[in-house]
Amino acid sequence: MGAVQRNNVVVYGRPDGRPMVFAHGFGCDQNMWRFVWPEFEDDHRVVLFDHVGAGGSDAGAFDPDRYGSLEGYAIDVLEICRELDLHDVVFVGHSVSAMIGALAAAAEPDRFGCLVLVGPSPRYIDDEGYVGGFTREDIEGLLESIDSNYLGWSSQMAPVIMGNEDRPELGEELTNSFCRADPDIARQFARVTFLSDNREDLARVTTPSLILQCSRDVIAPEPVGAYVHSRLATSRLVHLGATGHCPNLSAPEETVAAIKAFLAE
């Protein structure tokens, strides 16, 4: 099975347009970009996909060894690009997919024209001289909750992650998305995500990058965005007015405007 079939790749827009690949975060699928990608289809070849275990992907293709680190997901991104013969790619990655895209660009820099990193975090656990937003005890408790009661954890945490208390429908949508994911794969993906440390990998990324930082983001707080900006050789940090961790849902117009301004430079 090829990557296009395995990852449920869907292509829209101009066949001869500059390719733009959208990658979703943990517990989500390509549907999370539905308010963003249509704004680019007139000028771009828009590519959407699902990580293995999410959306319409082939869950049977899940290999615990391959997906035991974020590098396995980065390999998927590269395989999709090769099968579709994509070059000068605009890669738009949300949350953990921001680091997946960074790893892919570090591995094959000539394939990527620029990166758009929405709420990126190279490490979620605090370390000496580094603010990740969580203590190790926080993450161990989070993973224990996911292991023991994934659906219960999803119902409790998704609205917190969304961070728009005045718009409960957004938290409900994220909850439903989490609950649709294959629970066994989601448990491992959560462990790989929240225990990852890709700080040293940032130095390998030479691709021009846009970092979109939201306020009151419990998953990727503002010091994390500032850290990523300081470690990427060619990057721009933009603070959005949006709150929470999912501006692609809560503030799509602002997200689109920031990306378009970056691409127009």
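Draft legend 1. Broad picture of the pairing of strand β2 (residues 18-23). Across the six residues that make up β2, a large majority, five, are buried. Here five bridges tie β2 to strand β3 (residues 44-48), and the two strands are oriented parallel to one another. Opposite R18, over in β3, you have H44 as the bridge partner. With four bridges connecting them, β2 and strand β4 (residues 89-94) associate as parallel partners. For V21, the partnering residue across the bridge sits in β4 and is F91.

Draft legend 2. Spatial organisation of the sheet that holds β3. Taken in spatial order, the seven strands of this open sheet run β1-β3-β2-β4-β5-β6-β7, and their pairing is mixed. A strand with exactly one partner marks an edge of an open sheet, and here the two such strands are β1 (10-13) and β7 (235-243). On average, each strand axis in the sheet is tilted by 20° relative to the strand beside it, whichever way the strands run. By the bridge criterion, four bridges tie strand β5 (residues 112-118) to strand β6 (residues 209-215) in an arrangement that is parallel. Residue pairing in the sheet places V118 in a bridge with L212 of β6.

Draft legend 3. How the structure looks around helix α3 (residues 96-107). Across its twelve residues, α3 extends 17 Å between first and last C-alpha, which sits within 8% of the 16 Å expected from 1.5 Å per residue. Counting buried positions over the twelve residues of α3 gives eleven, a clear majority of the element. Buried within α3 are the following residues: V96, S97, A98, M99, I100, G101, A102, L103, A104, A105 and A106. In the core, the buried residues of α3 are packed alongside β2, α2 (70-83), β4, β5 and α7 (183-194).

Draft legend 4. Local environment of the side chain of S177. Along the chain, S177 falls in helix α6 (residues 168-180). Classification of S177 as buried rests on a relative accessible area of 2%. For S177, the residues in contact, after removing those within four places along its chain, are G27, C28, D29 and M32.

Draft legend 5. Focus on the packing of helix α4 (residues 136-148) against α7. Look at α4 against α7: their axes get within 10 Å of each other, and the N-to-C directions meet at 170°. Between α4 and α7, the angle is such that the two are roughly antiparallel. In this structure, α4 contributes I139, L142, L143, I146 and D147 to the contact, and α7 contributes R187, A190, R191 and F194. Here the residues of the contact of α4 with α7 are counted per class, giving six nonpolar, no polar and three charged.

Scoring rules and cut-offs
Residues numbered from 1 in each chain as written. Predicted model: local features only at pLDDT ≥ 70, side-chain atom pairs only at ≥ 80, totals over all residues. Heavy atoms only, no water. Buried < 20%, exposed > 50% of the residue type's maximum accessible area, 1.4 Å probe, protein only. Helix = DSSP H or I, 4+ residues; strand = E, 2+ residues; numbered from the N terminus. Pairing = 2+ DSSP bridges. Axes fitted to C-alpha atoms, helices over the stretch in contact; angles between N-to-C directions. Expected span 1.5 Å × (residues − 1). Contact = heavy atoms within 4.5 Å. Parallel < 35°, antiparallel > 145°, perpendicular 65-115°, else oblique. Nonpolar A, V, L, I, M, F, W, Y, C, P; charged D, E, K, R; others polar.

By themselves, these are just geometric observations and shouldn't be taken as functional.
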